[in-house]
Structures are given as structure tokens and as C-alpha cells.
Amino acid sequence: QKEVEQDPGPLSVPEGAIVSLNCTYSNSAFQYFMWYRQYSRKGPELLMYTYSSGNKEDGRFTAQVDKSSKYISLFIRDSQPSDSATYLCAMSARSGNTPLVFGKGTRLSVIA
Amino acid sequence: NAGVTQTPKFQVLKTGQSMTLQCAQDMNHNSMYWYRQDPGMGLRLIYYSASEGTTDKGEVPNGYNVSRLNKREFSLRLESAAPSQTSVYFCASSRDRVYSGANVLTFGAGSRLTVL
């Protein structure tokens, strides 16, 4: 089993829809959880960053972490065509000798 | 503020040729990384450097070498390129040391390498 599992999609939604992107993980030591957004032919850029469990909101984006289920989510409200990108989850332990572990990414298309 | 700069952006090689991908960051970050990204495989870590003077293998180091030239620069070398090394390569850096939990990465724009 991979440490981080992410459905690759592709996911296609109409403009204005609520989008839910998810990752599951197996390492209970993970404490820091991130979402990166990658536009076509560009490098990934940090979108959201949360520590341990709970929710974090930033504009139309909400990140949720459920450590008991080893499950993280990214919600996008009122999705826009400019949200079309690949979204990668990433996570790391509080301490240890392993760098950031990435999911494979989910490709999202928001259709106008 | 340039962030992370990679060169070249595109390169075509023949099997057996060698080349070096260059990466430089101007954010005074401690840690630097090289990833490759392939369809269906996601980002895979090749090598990383927690600080100037140190390098460590990642998930897929075979066929690659790295040099942390100074705090700003981290190069990736392919000594004898193979078609399996056709990929998009990303360099990244982070302020915190690689063993810290708060490991936010800043990525470069990528280098597209094709090996024929």
C-alpha cells in the first residue's frame, strides 16, 4: 500500500459546482498536511497548509483533516474555470528523516 | 524575486549522452530537492539536500548524481541518459530543514527532458 493514495481523476465539473478532492494515508505519524495546485506546464504551488486535525478556510477553499480516519479533503466552493489544474496532496511527520510525501494528484477541469 | 530558477527548460538527448540540470534559489532556503514527474506516477523524489554540503537519496536515485554547489545551487546530472529518464524534472527548495514538519516547498517551473 502506498503511503498516500489520491484518485487521479480526471474530474470534470460545471462552473459554480462544489468540488471535493481527497487523499488517504497510512502513516499515523503524519502531522502536517498540504495541498499544492499545479497548472499545466507549471511547477506546483502551495495552496493550503494545515497542522494536525481540523479545518482551515481560505476564501473559496477549505481543507479538512480527519486523523482518526487518515483522510484529508480539499473543498472548492463556487468553482471557476481558473481552478482547472492538478491538485496534489502532500504530508509529513512532525519529526523524522522522511521528506514530504506527495499523492499522485487529481486533475480537475471546471467547465464554463 | 525570482524564487527557484531551473535551466534548461527543454532538452533532447540521445541515449548515452550526459547532461546537467541546473537549479538556483534566491530565498536563502536551507533545503533543496530534485523531483521527476511522470504521467500516472506523480512526483517522485530523486535526491535532496538538507543543507549545504549534504545530499541524500530519495525514492528513485538510480542513474542520477547531484551536487549542492553552495547554499543557492543544486544540480542534477545524468551521466548516461536512458529513455526511461524522459520526464519533467522539478527542483524545489524549502526554508526549514528537511527533517522538520513545517516543510513548505517552493518549486521551479520544470525542465522537460526527452531521451531518444
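Please read all numbers here as calculations on a predicted model, not as lab measurements.

## Section: the overall build of chain B
Alright, step 1. When you go through chain B residue by residue, the secondary structure sums to 0 helices and 11 strands.
Alright, step 2. Walking chain B from its N terminus toward its C terminus, one meets helices and strands in the order β-β-β-β-β-β-β-β-β-β-β.
Alright, step 3. Seen through its principal axes, chain B has C-alpha atoms that stretch 40 × 25 × 25 Å.
Alright, step 4. Considering only residue pairs separated by 6 or more positions, chain B has 56% of its internal contacts joining residues 24 or more positions apart.
Alright, step 5. Summing over all exposed atoms, chain B offers an accessible surface of approximately 5,200 Å²; the carbon and sulfur share of this is 49%.
Alright, step 6. In chain B, 12 side chains carry a positive charge and 8 a negative one; their mean positions are 4 Å apart.

## A look at the pairing of strand β7 (residues 64–68) of chain B
The side chains of a regular strand alternate between both faces of the sheet.
Residues and elements named next belong to chain B.
Alright, step 1. Residue alternation in β7 divides its side chains into a buried set, Tyr64, Val66 and Arg68, and an unburied set, Asn65 and Ser67.
Alright, step 2. Inspection of the sheet shows β7 paired to strand β8 (residues 74–78) by 5 bridges, in the antiparallel sense. Counterpart to Ser67 in the pairing with β8 is Ser75.
Alright, step 3. Between the end of β7 and the start of β8, which pair antiparallel, lie 5 residues.

## Observations concerning the nonpolar core
Alright, step 1. Formed by 25 residues in total, the largest nonpolar core has its most connected members in A:Val4, A:Trp35, A:Ile72, A:Leu74, A:Tyr87 and A:Met91.
Alright, step 2. At the level of secondary structure, the elements contributing two or more residues to this core comprise β3 (19–25), β4 (30–38), β5 (45–51), β7 (61–66), β8 (71–76), β9 (85–93) and β11 (106–111) of chain A.
Alright, step 3. Aside from chain neighbours lying at most four places away, what touches A:Ile72 is A:Leu21, A:Asn22, A:Cys23, A:Tyr25, A:Phe33, A:Trp35, A:Gln64, A:Val65, A:Cys89 and A:Met91.
Alright, step 4. Counting residues in hydrophobic clusters, the runner-up holds 20 residues, among them B:Val4, B:Val60, B:Phe74 and B:Ala81.

Conventions used here
- Residues numbered from 1 in each chain as written.
- Chains lettered and ligands numbered in written order.
- Predicted model: local features only at pLDDT ≥ 70, side-chain atom pairs only at ≥ 80, totals over all residues.
- Heavy atoms only, no water.
- Helix = DSSP H or I, 4+ residues; strand = E, 2+ residues; numbered from the N terminus.
- Contact = heavy atoms within 4.5 Å.
- Areas by Shrake-Rupley, 256 points an atom, 1.4 Å probe, with all protein chains shown as cover.
- Lys, Arg positive; Asp, Glu negative; His and termini not counted.
- Charge placed at Lys NZ, Arg CZ, Asp CG, Glu CD.
- Buried < 20%, exposed > 50% of the residue type's maximum accessible area, 1.4 Å probe, protein only.
- Pairing = 2+ DSSP bridges.
- Core = buried A, V, L, I, M, F, W, Y, C linked by side-chain atoms within 4.5 Å.

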